Amino acid sequence: MAKLRGRGIAAVNYPTGMNLGGDPSQALIHATTTGNFVVTLSSVDLGQGLRTIMTQITAEVLGIAPEAVMIDTADTDTGPHCMGTFASRTTHRVGNAIIMAATEARKVLLDVAGEELEVAPEDLETDGTGRIVVKGVPGKSISVQDAALAAHFKHGRTISGRGIYLKPRSYPDFETGAMDPDSCQAHACTIAEVEVDTETGDVRVLKLISAYEIGRAINPMMVEQQIVGGSWMGMSHALYETTEPYYPNRAHGPVDFLGYLMPGPADIPEYDAVILERPSTNGPFGAKGIGEMTANSPIPAIANAIFDACGARIDDLPITPEKVLRALDAAALAAQP
Amino acid sequence: MARILEDVFTAERAGSFQAIGRALPRIDAHSHVTGATRYYADRIFPNLLHAVMARSEHHHALIRHVDLSAAQAVKGVARILTHKDVPNNWYTILKLIGLGPDEEPVLAEDRVLYRGEPIVAILADTEAAAREAAAKVKVEYEELPAVLDVETAILPGTPAIKPHGSNVFVYEGRDHFHVHCGDTEAAFREADHIFEHSYQSSPIEHAPVETTGAIAVPEPGGRYTLHSNTQAAFFTLDNAALILGLPFRQLRVVGGTVGGGFGGKVDVIVEPIAVLGAMLTGRPVKYSFSRGEEMQVSSPRAAERIRIKDGVAADGRIIARDVRILVDAGAYSRHSPYGTIKAAAHMPGPYTVPNVTINAWCVYTNRTPSSAMRGFGVTIGDFALEVQMDRIARELGRDPFELRLQNAYRDGDLKAHRKTVEGAALVEVIQAAAERIGHPLSPECRAMSSCQRT
């Protein structure tokens, strides 16, 4: 009986957007009189942080400070259509819709600023903090707030924009399976280091090391948040979770968190991750979706690490201590002459 | 914080940004961790009714009789909803994208196809009264044999549990979804090694902190506001209106702030009952899953059984891959016919294999319907693919990083579903991960690139 350590690798790809497309989302943007911008959506934040990501995309296109952006979601009476939060689609779909809406709003903003400054709008640039400046003339500028006030009270114009993103639906050929099922693919490689207790069958995940390629990290801290959360879920899928512990037998189904086990704080491994960016041709600033995939590569990496540690090859999730012990017994039996 | 590797794809990622790429703290972090964020259930409505479901005790049974008298006598019970109250009781969630037919009842009629299937909904002044009454609903059943195993379900002699006469979803006249390219059988004959292994998963719960729920509130003018933790506001509005026979304009969904979803809040289950209750009583109605319901009745991640047969050349190239996927949809379709196509579209994984056959069945069994969950159609496939890759590497005495690099897809390669690969980066993430742990790669592997095959 011993505690044996092993290492396993897995590499995966993951599609961005609803399989086969046809999943549009819209965004509406308008400026308040004092130069803040409201982005109206019907998209849902499940905890992934879409308000922050959409704020950054809006601020980038309009050239204003993120603090001047307000995300208003989700009310179907006021928000334009969003297909929903799934399929790692929100950053890609809604982000693109916002780029379109913000581009339209930015044009009006610069038109008005140009009239106020008596220059052509193409001679203007935004400084990202709330001022619109004449290119090459740092002293000649107008604040976004003054431009917004002028637009409303003086020029009678709305600084607003409409945006939509739709990847047209692909219909598969049912003879061959030919289809266009994704907008782009993100990639990951995860290495798991585990320790297997051959007496109890207990598996401890010691470390998860990953490299993720996600097109463009709109916010690297929130990318990391997805990697950490997904690693935990992947580890939990690999070793702990099921609603039917003796599937396909329906007995012993857990009904609370005493029976439905998940890793606690003491079980959480050390994480290490790096991000690669290969911008996609169709994502906002090249971004691909990272939401779902972070749970995927840890599962086979852990299964492979268990085999590396103790020679137990388990093809049946979750890899519970019972399955580890049975696999070790079977391996010992098979090794007998 | 996770570092961005700036020396990979340097030219492609060039650009100058002001807000993109900044590690801004998330806007709602403070309100989330201090409990100030308002979720749907934080809204208080006077005169609120609570809905609790009486559910099937059997995996498969005919309903002979439902006796509501004891339930109706419980103090505080305002109304009991049965299938007769639901204007369009039969529905299917993907009818909006044309994946029919209607095959799931909102409330059971003459039979139940899984343990936990909703039969009648109690509406009461308190949750306790509703629970007490639900426990007093007396259902007389005639038990039928249950089909719980996907392999059994698709055997020719197994009785069909579904009215359309089989235990599989029908894709345009076909009993499964199929993808192929090249000639898999011929390539198997040419292969130096054959690897054939089967992989299995069990159903998995989304386990959000906030269970699935909604409150429907009658508004002036015959409208209803749904405060919901749905992941898809309009999808919920449209499906609920179709089930209830309501003009779409009479529903309004308010949400957008959800305490964890992971795909579990994409089915439209609680909202039609809450609105129907509000329509029939004129009072606000809350219908929220208990933790036990969330775990055993709310749709889980499908269990999948995946067999992969690979033909491998002596040098490690995978020249043929045949994948058979059985997705356990449970008793009703929900999003599983879609997830099955997504599972097939994902194969053979991020590798270029010239000869591929994929056959994927969406199989009905007498268990809780499965549906969307994070990584839908892909997560379990990746487990099968990557354990298979590990087996091949070990059997052939190959470095597991290098076997993957050798077979990794590159820009310009053709996927099994005949789309050309672009924006590939599998090679680079494997190289980066290897470097992270100091795992040595051969000079050829270090020189590889996703941009071209060398």
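Residue positions are counted from 1 within each chain, in the order its sequence is given. Chains and ligands are labelled sequentially in the order written, the chains with letters from A and the ligands with numbers from 1. Note on the predicted model: pLDDT of at least 70 is required for a residue's local features to be given, and 80 or more for side-chain atom pairs to be given and counted; whole-chain, interface and lining totals, by contrast, use all residues.

1. Digging into the pairing of strand 14 (residues 251-254) of chain B
Residues and elements named next belong to chain B.
No. 1: A pair of strands is treated as paired once DSSP finds two or more bridges between them. What counts as a helix is a DSSP run of H or I of at least four residues, what counts as a strand is a run of E of at least two, and both are numbered from the N terminus. Strand direction decides the pairing type here: strand 13 (residues 223-228) and strand 14, joined by four bridges, are parallel. The residue of strand 14 that forms the bridge with Leu226 is Val253.
No. 2: Orienting the strands away from the viewer, one traces the path from the first strand over the helix to the second; a clockwise path indicates a right-handed crossover. Handedness of the crossover is the feature at issue here: the chain leaves strand 13, passes through helix 6 (residues 233-244), returns alongside strand 14, and the resulting connection is right-handed.

2. Things to note about the interface of chain B and chain A
No. 1: Contacts between the two partners involve 100 residues from chain B and, on the opposite side, 103 residues from chain A.
No. 2: Looking at the side of chain B that touches chain A element by element, the count peaks at seven residues for helix 12 (residues 426-436) of chain B.
No. 3: Under this grouping Gly is polar, as are all residues other than the nonpolar Ala, Val, Leu, Ile, Met, Phe, Trp, Tyr, Cys and Pro and the charged Asp, Glu, Lys and Arg. Per-class residue counts for the side of chain B that touches chain A are 51 nonpolar, 25 polar and 24 charged.
No. 4: As defined by bridge partners, strand 11 (residues 270-276) of chain A adjoins strand 1 (residues 3-4) of chain B across two bridges and the pair is classed as parallel. From the neighbouring strand, Val274(A) faces strand 1 of chain B, where its bridge partner is Arg3(B). Note on contacts: each residue gets a C-beta atom placed from the backbone, and two residues are in contact if those atoms are within 7 Å.

3. Considering the domain arrangement of chain B
No. 1: Residue ranges for the domains originate in an automatic or database domain assignment. The domains assigned to chain B are domain 1 (49-143 + 212-288) and domain 2 (177-202 + 300-447).
No. 2: In this complex, domain 1 of chain B contributes 16 residues to the contact, which on the side of domain 2 of chain B involves 16 residues.

4. Thoughts on the environment of Leu124(A)
All names here are of chain A.
No. 1: Mapped onto the elements of the fold, Leu124 is located in strand 5 (residues 124-126).
No. 2: By C-beta crowding, Leu124 is classed as buried, having 22 other C-beta atoms within 10 Å.
No. 3: Taking the C-alpha atoms as reference points, Leu124 and Ala105, separated by 19 residues in sequence, lie 15 Å from one another.
No. 4: Aside from chain neighbours lying at most four places away, what touches Leu124 is Leu110, Ala113, Gly114, Val119, Ile132, Val133, Val134 and Lys135. Here a residue counts as buried when 20 or more other C-beta atoms sit within 10 Å of its C-beta, as exposed when there are 12 or fewer, and as partly exposed otherwise, the C-beta atoms being derived from the backbone.

5. Here we look at the packing of helix 5 (residues 298-310) of chain A against helix 10 (residues 379-395) of chain B
No. 1: Lines fitted to C-alpha atoms define the axes, with helix axes restricted to the stretch in contact, and inter-axis angles between N-to-C directions lie between 0 and 180 degrees. Relative to each other, helix 5 of chain A and helix 10 of chain B sit at 35 degrees, their axes nearing to 8 Å. As helix 5 of chain A runs across helix 10 of chain B, the sense of the crossing is right-handed. Between helix 5 of chain A and helix 10 of chain B, the contacting residues are Ile299(A), Pro300(A), Ala303(A), Asn304(A) and Phe307(A) on the first element and Thr379(B), Asp382(B), Phe383(B), Glu386(B), Val387(B) and Asp390(B) on the second.
No. 2: A class-by-class count of the residues in the contact of helix 5 of chain A with helix 10 of chain B yields six nonpolar, two polar and three charged. Two helices that cross are described as forming a left-handed crossing if the nearer one is turned anticlockwise from the farther one by less than a right angle, and a right-handed crossing if clockwise.

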